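The chain contents come next:
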Amino acid sequence: MTQVTPEVTWAQRSSSTDAARNYLYVNLKTPDVAKSDADLNITSSNVSFTGKSKKGVTYHVSLDLYDEIDPENSKVNHSDREVELVLRKKQLKEEYWPRLLKTDKKVHFLKTDFDKWVDEDEQDEAGEDDYANNFGGFGDEGGLGNIDFSKLGGLSNLGGEAQAGDDEDKEDEEMPELEDAEAKLTESKP
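Residues numbered from 1 in each chain as written. Predicted model: local features only at pLDDT ≥ 70, side-chain atom pairs only at ≥ 80, totals over all residues. Heavy atoms only, no water.

The protein goes by CS domain-containing protein in an unreviewed UniProt entry, where it is assigned to Monascus purpureus.

Dropping the structure here:
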């Protein structure tokens, strides 16, 4: 039986005062592994997973964590594509863990989840579970706040109807037809 190490992505938050904001996001990319065919063990210092996919691939990974977590206050969401873990860090600290694993050697299957990552000094500004805020530039209304679309050229009426005398008419007048341009190019050649 061949075992494959799944891709593991992770991100984190820290708080010295609020245990609910002191956690790790860990995703195990294990496509087509049914919850009934998976064995997930979470202890204070390790997360291990073994599961067989519908296609016959057996995934296995054991993560010796950098520091301790609180397994009782951690959450698991097992979907068809991955196992999502929200692991509560045991110690309340403002500082991030320097890495996910105890080992300081680079492991090929572990990657940062940039969709969920927030820099340590910006984590208070990020919404609880609103990952869109991690990219910045999004307003409280959920739109693209603070962006002046009129400066993006041709997008000033985004979502609206064209108005008389719009830039579209000017563009049509200013742009030479392709055939005219080719004819002029041919005429100018010796």
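## Some remarks on the packing of aromatic side chains
Heads up, the rule is: Think of it this way: a Phe, Tyr or Trp ring, Trp meaning its six-membered ring, pairs with another when their centres are within 6.5 Å, and the plane angle makes it stacked under 30 degrees, edge-to-face over 60, tilted otherwise. A run of DSSP states H or I qualifies as a helix once it reaches four residues; a run of E qualifies as a strand once it reaches two. Both are numbered from the N-terminal end. Exposed residues in this analysis have more than 50% of their type's maximum accessible area, buried residues have under 20%, and partly exposed residues fall in between, with area computed by a 1.4 Å probe over protein chains only.
Tallied over the full model, the rule gives four aromatic pairs. Relative to Trp 97, the ring of Tyr 66 lies with its centre 5.9 Å away and its plane at 50°, an arrangement referred to as tilted. Placement of the pair is Tyr 66 in the loop between β6 (58-64) and β7 (69-78) and Trp 97 in the loop between β8 (82-89) and β9 (110-112), with a sequence separation of 31 residues. Assessed through its relative accessible area of 30%, Tyr 66 is described here as partly exposed. With 5.5 Å between their ring centres and 80° between their planes, Tyr 96 and Trp 117 make a pair best called edge-to-face.

## A look at the nonpolar core
What counts, and what does not: Put simply, buried Ala, Val, Leu, Ile, Met, Phe, Trp, Tyr and Cys residues joined by side-chain atoms within 4.5 Å make one nonpolar core. By the convention used here, residues are in contact when the closest approach between their heavy atoms is within 4.5 Å.
Of all hydrophobic cores here, the largest spans 21 residues; its most connected members are Val 8, Leu 24, Val 26, Leu 28, Leu 63 and Leu 100. Contributing elements (two or more residues each) for this core: β2 (7-12), β3 (23-29), β5 (46-52), β6 and β8. When sequence neighbours within four positions are dropped, the list of residues in contact with Leu 28 reads Glu 7, Val 8, Leu 40, Phe 49, Val 61, Leu 63, Arg 81, Glu 82, Val 83 and Leu 85.

## Remarks on the pairing of strand β4 (residues 38-42)
What counts here: The criterion for strand pairing is that DSSP finds at least two bridges linking the strands in question.
Looking at chain direction, β4 and β5 are connected through five bridges and run antiparallel. Note that in β5 the partner of Asp 39 across the bridge is Thr 50. Linking two consecutive strands that pair antiparallel, namely β4 and β5, is a turn of three residues.

## Here's the deal with the environment of Phe 109
Examined against the element boundaries, Phe 109 turns out to sit in the loop between β8 and β9. You can call Phe 109 buried: its relative accessible area is 14%. Sequence separation between Phe 109 and Val 61 is 48 residues; the distance between their C-alpha atoms is 9.5 Å. Each residue touching Phe 109, except ones within four places of it in the same chain, is listed here: Thr 5, Pro 6, Glu 7, Val 8, Val 61 and Leu 63.

## Here we look at the environment of Leu 87
Within the secondary structure, Leu 87 is located in strand β8. The exposure class assigned to Leu 87 is buried, which follows from its relative accessible area of 0%. Here the alpha-carbon distance between Leu 87 and Glu 68, two residues 19 residues apart in the chain, equals 9.8 Å. In this view, Leu 87 contacts Asn 22, Tyr 23, Leu 24, Val 26, Ile 42, Val 47, Ile 69 and Ser 74; residues no more than four positions away in its chain are not counted.

## Considering the pairing of β2
Counting buried positions over the six residues of β2 gives five, a clear majority of the element. Relative to β3, β2 is paired through six bridges, and the arrangement is antiparallel. Residue pairing across strands places Glu 7 opposite Lys 29, the latter belonging to β3. One ladder, built from three bridges, connects β2 with β9; its direction is parallel. Within the sheet, the bridge partner assigned to Trp 10 lies in β9 and is Thr 112.

## Looking at the sheet that holds β3
Counted only if it meets this: Simply put, an axis is a line fit to the C-alpha atoms, just over the touching stretch for a helix, and the angle between two N-to-C directions goes from 0 to 180 degrees.
Taken in spatial order, the five strands line up as β7-β8-β3-β2-β9 in an open sheet, and their pairing is mixed. On the outer flanks of this sheet lie β7 and β9, each paired with one strand and no other. Direction aside, the axes of adjacent strands within the sheet are offset by 25° on average.

## Describing empty space enclosed by the protein
This is how it is decided: Lining residues are those with an atom within 4 Å of a point, where the points come from a 1 Å grid over the protein atoms alone and group into cavities, where a 1.4 Å probe fits but cannot get out, or pockets, open sets with protein on both sides within 12 Å along at least five of seven lines. Grid points are joined across faces, edges and corners, and a volume is the space filled by probe spheres set on the points. Residue polarity follows a fixed list, in which Ala, Val, Leu, Ile, Met, Phe, Trp, Tyr, Cys and Pro are nonpolar, Asp, Glu, Lys and Arg are charged, and the others, Gly among them, are polar.
Taken as a whole, this structure holds two cavities of 30 Å³ or more when the rule is applied. As a volume, the second largest cavity reaches approximately 40 Å³. Considering the residues around the second largest cavity, the lining is formed by Ser 14, Asn 22, Asp 67, Glu 68, Lys 89, Lys 90, Gln 91, Lys 93, Glu 95 and Trp 97. In terms of residue class, the lining of the second largest cavity is built from one nonpolar, three polar and six charged.

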